[in-house]
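# Secondary and tertiary structure notes
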Amino acid sequence: MKYFLVLFPAVIIGFAGFLTYHLGVFKPVNISEENKGPYVMLYKDFLGPYHKTVSVITEVETWALANQVDCRLSFGEYMDDPEKIEEARLKSRGGCLTDKVPTNLPKDFKTLELPERKYVTAVFDGSPGIGPMKVYPKVNEYMLEKKLKQNGPVIEVYEIHSRTEISSMTTTYLFPL
């Protein structure tokens, strides 16, 4: 019993430390203003909780890989404010940023060409799962300080550096001005 009383808290603390490190809780968020684009978006629409948009991103990535379409950068575009719209009615798009419009798309896939425009960008090397708690508040604070107004939905661009390392991903958040 003595060992359990010592071992259990040690395991809990170790696991919390592991998660904190790999999620990137202490990693910085680098914010700037810059022009980005143009982009060609290959995507599917999604209706529902934003954290489930990953299913359509994966579907588009799988199709792109099978059809030799460049899909190095994935994205999620989030249309609604989750504080104002119920979770089941949130609209988003998920897919890839690619160089050109592919042909022979499945019927529920779409493309959209976005021109170059100015964004507040936030680059974060931690998990996009903690973005709403870590990145969005910092960007909102930056925009308030600079008296900037967001003009359109946020696009999160996901770049995976390694499929084998758990924390090898960069997310670039694009807040259109």
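Residues numbered from 1 in each chain as written. Predicted model: local features only at pLDDT ≥ 70, side-chain atom pairs only at ≥ 80, totals over all residues. Heavy atoms only, no water.

Looking now at helix H2 (residues 54-66). Over its 13 residues, H2 runs 18 Å from end to end, which matches the ideal 18 Å to within 8%, given 1.5 Å per residue. Those residues of H2 that sit buried are Val-56, Ile-57, Val-60, Glu-61, Trp-63 and Ala-64. Around the axis of H2, the buried residues are gathered within 165° of arc, so they sit on the same side. Turned more than 90 degrees from where H2 packs its buried face, Leu-65 and Ala-66 sit exposed. Looking at the buried side of H2, the elements it contacts are strand E2 (39-47), strand E3 (73-78), strand E4 (91-98) and strand E7 (154-160). Backbone geometry just downstream of H2 places Gln-68 in the positive-phi region, at approximately 50°. (Helix = DSSP H or I, 4+ residues; strand = E, 2+ residues; numbered from the N terminus. Expected span 1.5 Å × (residues − 1). Buried < 20%, exposed > 50% of the residue type's maximum accessible area, 1.4 Å probe, protein only. Arc of directions from axis to C-beta. Contact = heavy atoms within 4.5 Å.)

Now for the sheet that holds strand E5 (residues 110-114). In spatial order, the strands read E1-E6-E8-E7-E3-E4-E2-E5; together these eight strands make up an open sheet with antiparallel pairing. Across the chains shown, the open sheet's two edge strands, defined by having one partner strand only, are strand E1 (29-36) and E5. Each strand of the sheet is rotated relative to its neighbour by a mean of 30°, with strand direction disregarded. Note that E2 and E5 share five bridges and pair antiparallel. Note that in E5 the partner of Tyr-43 across the bridge is Lys-110. This element, H2, spans E2, E3, E4 and E7 of the sheet and lies at about 135° to E2. Helix-sheet contacts for helix H3 (residues 131-146) involve E1, strand E6 (117-124), E7 and strand E8 (169-176), and the interaxial angle to E1 is about 60°. (Pairing = 2+ DSSP bridges. Axes fitted to C-alpha atoms, helices over the stretch in contact; angles between N-to-C directions.)

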